[in-house]
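# Reading the structure
What follows is each chain in one-letter form.
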Amino acid sequence: MCLNLHFFRDISFCQHAGAPAACGFAPGRSADISGSKTEHFRSIALTVNGEEVRETVEARTSLVDFLRDRLGLTGSHVGCEQGACGACTVRLDGVTVRGCLVLAVQCAGSRVETIEGVSDTGEIADLQEAFVRRNALQCGFCTPGMLLAAQELLASREHAGGDVPSRDEIRALLSGSYCRCTGYQAIVDAVEAVARMRLCSPSPSSGRAGVGSFPRQELAARAPTLPSPASGGGKEERTP
Ligand code: FES
Ligand code: FES
């Protein structure tokens with residue numbers, strides 16, 4: 001697929017003036033990727049946060065755009081749109097992916113989970129609470145991706161019966177998500193705290209503490225008023 005499909009969604013920015021170029025673009029119309037206009041659209045069926053969804057989407061629509069614009073699931077954010085920042089992270093068949101690098105049509109028949117769904121099940125309630133308690137979020141733009149990445153790490157450790165990840169391991173795992181606010185230290189503090197809680201003293205409630213008791217709306221409401229963590233979490237470092 002021509003990479004220009006990604007960067008020139010608005011054809012007015014395309015440099016291909018005049019006759020249709022090799023990439024399929026021509027002024028004033030969408031990219032011609034499959035012949036007739038009707039073939040630009042596909043009917044797809046998938047499961048999103050446990051609910052069956054059937055929609056007709058343009059073939060070039062990214063998964064994150066589909067989730068946000070068509071389904072109103074705006075917890076996944078759009079930042080760089082090229083796979084670098086992690087703001088668009090969602091789970092596809094149980095594995096975190098960049099929602100900006102996956103097309104919605106590629107998800108036909110799959111199971112997609114967004115931060116809304118994962119939050120509502122209570123799966124990450126302990127992580128969310130730790131993020132708030134340790135001031136690991138400010139604007140919250142990166143937070144859904146951070147939480148899903150952290151959950152993937154911790155769940156895989158729990159499943160494998162592994163040890164508490166080191167701070168370097170946590171940093172490496174979270175290095176795919178950029179945060180422009182917190183300085184990362186507090187995020188690592190929060191993930192480490194939950195890792196110790198889950199992996200050092202496993203219990204039936206491990207990973208599900210406070211199920212349903214910590215709605216995501218509280219994150220933004222509480223974060224600004226919370227005291228800084230004892231570690232001074234916040235500003236020491238700029239890279240995870
Ligand atoms: S928006 Fe997808 S990785 Fe940045
Ligand atoms: S909390 Fe603002 S980008 Fe991370």
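Below: a short report on this structure. (Residues numbered from 1 in each chain as written. Chains lettered and ligands numbered in written order. Predicted model: local features only at pLDDT ≥ 70, side-chain atom pairs only at ≥ 80, totals over all residues.)

### Re the overall build of the protein
Using the following cut-off: Numbered from the N terminus, helices here are DSSP runs of H or I no shorter than four residues, and strands are runs of E no shorter than two. Counting other C-beta atoms within 10 Å of a residue's own tells you its class, since 20 or more makes it buried, 12 or fewer makes it exposed, and anything in between is partly exposed; those C-beta atoms are placed from the backbone. Contacts are defined on C-beta atoms placed from the backbone: any two residues whose C-beta positions lie within 7 Å are in contact.
Along the backbone of the protein there are 8 helices and 5 strands. From first element to last, N terminus to C terminus, the protein shows the α and β order α-β-β-α-β-β-β-α-α-α-α-α-α. Per-residue burial over the protein gives 37% buried out of 240 residues. For the protein, long-range pairs separated by at least 24 residues make up 65% of all intrachain contacts whose partners lie at least 6 apart in sequence.

### Re the sheet that holds strand β2 (residues 51–58)
Just so we agree on the cut-off: Each pair of strands is called paired provided DSSP finds at least two bridges between the two strands. Angles run from 0 to 180 degrees between N-to-C directions of axes, and those axes are lines fitted to C-alpha atoms, restricted for helices to the stretch in contact.
Spatial ordering of the open sheet is given by β2-β1-β5-β3-β4, a layout of 5 strands whose pairing is mixed. In this open sheet, the two edge strands, each paired with only one partner strand, are β2 and β4 (95–98). Strand-to-strand twist across the sheet, computed as the mean angle between neighbouring axes with direction ignored, equals 40 degrees. As paired strands, strand β3 (residues 89–92) and β4 are joined by 4 bridges and run antiparallel to one another. Paired with threonine 89 across the two strands is arginine 98, which belongs to β4. The strands touched by helix α5 (residues 143–160) within the sheet are β3 and β4, with β3 carrying the most contacts at an inclination of about 45 degrees.

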